[in-house]
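# Residue-level structure breakdown
Each chain, written out:
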Number of protein chains: 2
Amino acid sequence: MNNFADKLIEKIREKGSVICVGLDPRLNQIPKFIRDKVLKEYPENKLKAAAEAIIEFNKGIIDAVYDLVPIVKPQIAFYELFGEEGVRAFRETIAYAKSKGLLVIADVKRNDIGSTAKAYAEAHFGEVDVFGEKEFIFDADALTITPYLGWDGIKPFIEVCQKHGRGIFILVKTSNTSSGDLQDLCMKDGNSVYEIIGNFVDSWGADEIGEEGYSSVGAVVGATYPEQAKKLRKIMPNAFFLVPGYGAQGGGAQDVKPCFNKDGLGAIVNSSRGITFAYEKMDGFSEKEYAKAARKAVQDMNKDLKAVL
Amino acid sequence: MNNFADKLIEKIREKGSVICVGLDPRLNQIPKFIRDKVLKEYPENKLKAAAEAIIEFNKGIIDAVYDLVPIVKPQIAFYELFGEEGVRAFRETIAYAKSKGLLVIADVKRNDIGSTAKAYAEAHFGEVDVFGEKEFIFDADALTITPYLGWDGIKPFIEVCQKHGRGIFILVKTSNTSSGDLQDLCMKDGNSVYEIIGNFVDSWGADEIGEEGYSSVGAVVGATYPEQAKKLRKIMPNAFFLVPGYGAQGGGAQDVKPCFNKDGLGAIVNSSRGITFAYEKMDGFSEKEYAKAARKAVQDMNKDLKAVL
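Quantities reported herein were computed from a predicted structural model and do not represent experimental measurements. (Residues numbered from 1 in each chain as written. Chains lettered and ligands numbered in written order. Predicted model: local features only at pLDDT ≥ 70, side-chain atom pairs only at ≥ 80, totals over all residues.)

## Details of the overall build of chain A
Helices and strands together make up the secondary structure of chain A, namely 14 helices and 10 strands. With the principal axes as the frame, chain A shows a C-alpha extent of 60 × 55 × 40 Å. Long-range pairs, those at least 24 residues apart, make up 70% of the contacts in chain A with a sequence separation of at least 6. (Helix = DSSP H or I, 4+ residues; strand = E, 2+ residues; numbered from the N terminus. Contact = placed C-beta atoms within 7 Å.)

In structure tokens form, the structure reads like this:
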């Protein structure tokens, strides 16, 4: 099986879940017992200490949820904060999640053209030529990608998808308040920018459709815009949607429903803070039980979604 | 002086040049004597060897051109290729260029929303809270940014610009062949997407104008589209343009002319391969003289630009 959408569907069925757990570690919200421990271990190298805190925290979350969800999504900004040490933590987080049988979306929102896009693609989910030897570097299963540069900026990523069974999720309609600034602009023909990008995604992914009928070229569609999601579901029948905006950003289970097809497939729903830092808001969990709280949050979210899907 | 545009203009006047040298190292084009040396030094760690080759190569280029140009622009994709070691080389390249009195644009084309955009901004040109201590991490002077997410994705970067005298260049009309896929779409009111984004950039940067009349919120406008550049120069009179596409991508000095204002300011023109790998194409330089060849390429480009500006 060398199509990302097929692999994703297999994992969704195996786990009985469409949740994507966002791994966006925020150092000041990582439980104090972990922070104290790493500061004792690396008192002279605080960036290394931060990286180790992130790795330990993420491993705890992954151990607690890997049997319940198909996929996780580390957001690289929260790792780049700590320079090359943080980037190491990003790479090790991906490796650990994969070792537990999870698929991994590297949420990098990269974009550039030609040889630069090719370099991003090789680095994040392809192979890199290191003095004549081919090596996987970050080795993610899928990436998030920005479409502002058009086809030139997408093609190098799709070529790596084909070669290594990887997937991409292209930003179409994002979950934030001002996503309409550009995405809702209305064209002469009555279409909005997000609809046109949706049409592009549909055609860019047309040759990448797997045995289950879904393409390895997917779309990011925010849970906060259910009306637009309904339109986009029709425009991109074969695309998998990565749906941010559930929970902390205000989207509920009813809001994500339009992102799914009638077969119950076609979308994964991301939650980050609502799961990883559940211990802060949920009754009955101490900070030492942050992983237990995350597991409970995933179970609750699985139930919440199943009730409407 | 705490406005990026003011600092840039000061450097442009000091050096008598509007060239931005793109530092996009490609391992297989780095001279063989450097590659042989690092492989001998780090035979067991090829990623570290690659990082060291990049650092040595970049230092050679920087030493050869720092008195001739105001600014350099490393493109992070070519560093991410080598994982955290490559990212270290990126950080050390920025630090070295700054130590030689150059300004540095980190060409990262980052984009995200809210707290994630804030994390990118802190990491790349702001301060990061590392266990209670504020630290500059990548410490660039300016970043390239993608506008697909609207104001939410721009604001956190502008806040860091204000605090630390940094600058951003927002993608408006890029130099690639398919940049029109999205950027040339025509709205109901007759404007194209790139013109609308140009208007956004003008208004987003209106409060960031320095003593010289230019804003620290700039725009990326490709040398390959001079007609569009002419329009954009009028739409964004106060924005500095970062102009890619000169040389290797086909743009000439006449093509970049519309990017400048009548005061001879308002743009910097990037060249990457044409300078850093000049030794491959220019007669009379051995690979050991790659830095000399780069200096000659910069001198030629300075002359070429001065003839038309």
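## A short note on the relation of the copies chain B and chain A
The two copies are related by a screw motion: chain B maps onto chain A through a turn of 180 degrees and a shift of 0.0 Å along the axis, at an RMSD of 0.0 Å. Overall, the copies show the geometry of a two-fold rotation axis. (Least-squares fit on C-alpha atoms with pLDDT ≥ 70 in both.)

## Some remarks on the interface of chain B and chain A
The interface is formed by 55 residues belonging to chain B together with 56 residues belonging to chain A. Of all the secondary-structure elements, those providing two or more residues to the side of chain B that touches chain A are helix H3 (46-65), helix H4 (77-80), helix H5 (83-99), helix H6 (114-125), strand S4 (127-130), helix H8 (180-183) and helix H9 (193-204) of chain B. Looking at the side of chain B that touches chain A, the element that brings in the most residues is H6 of chain B, giving six residues. Class assignment for the residues of the side of chain B that touches chain A results in 30 nonpolar, 13 polar and 12 charged. (Nonpolar A, V, L, I, M, F, W, Y, C, P; charged D, E, K, R; others polar.)

## What about the confidence of the model for chain A?
Of the residues in chain A, 100% have a pLDDT of 70 or more, and the chain-wide mean is 96. With pTM at 0.98, the complex prediction returns an ipTM value of 0.98. (pLDDT = per-residue confidence, 0-100.)

## As for the packing of helix H6 (residues 114-125) of chain A against helix H7 (residues 155-164) of chain A
Residue and element names in this part refer to chain A. Look at H6 against H7: their axes get within 8 Å of each other, and the N-to-C directions meet at 35 degrees. Note on packing geometry: the crossing formed by H6 with H7 is right-handed. Where H6 abuts H7, its residues Ala117, Lys118, Ala121, Glu122 and Phe125 lie against Pro156, Phe157, Val160 and His164. A per-class count over the contact of H6 with H7 returns six nonpolar, one polar and two charged. (Axes fitted to C-alpha atoms, helices over the stretch in contact; angles between N-to-C directions. Left-handed = near helix turned anticlockwise from the far one by under 90°.)

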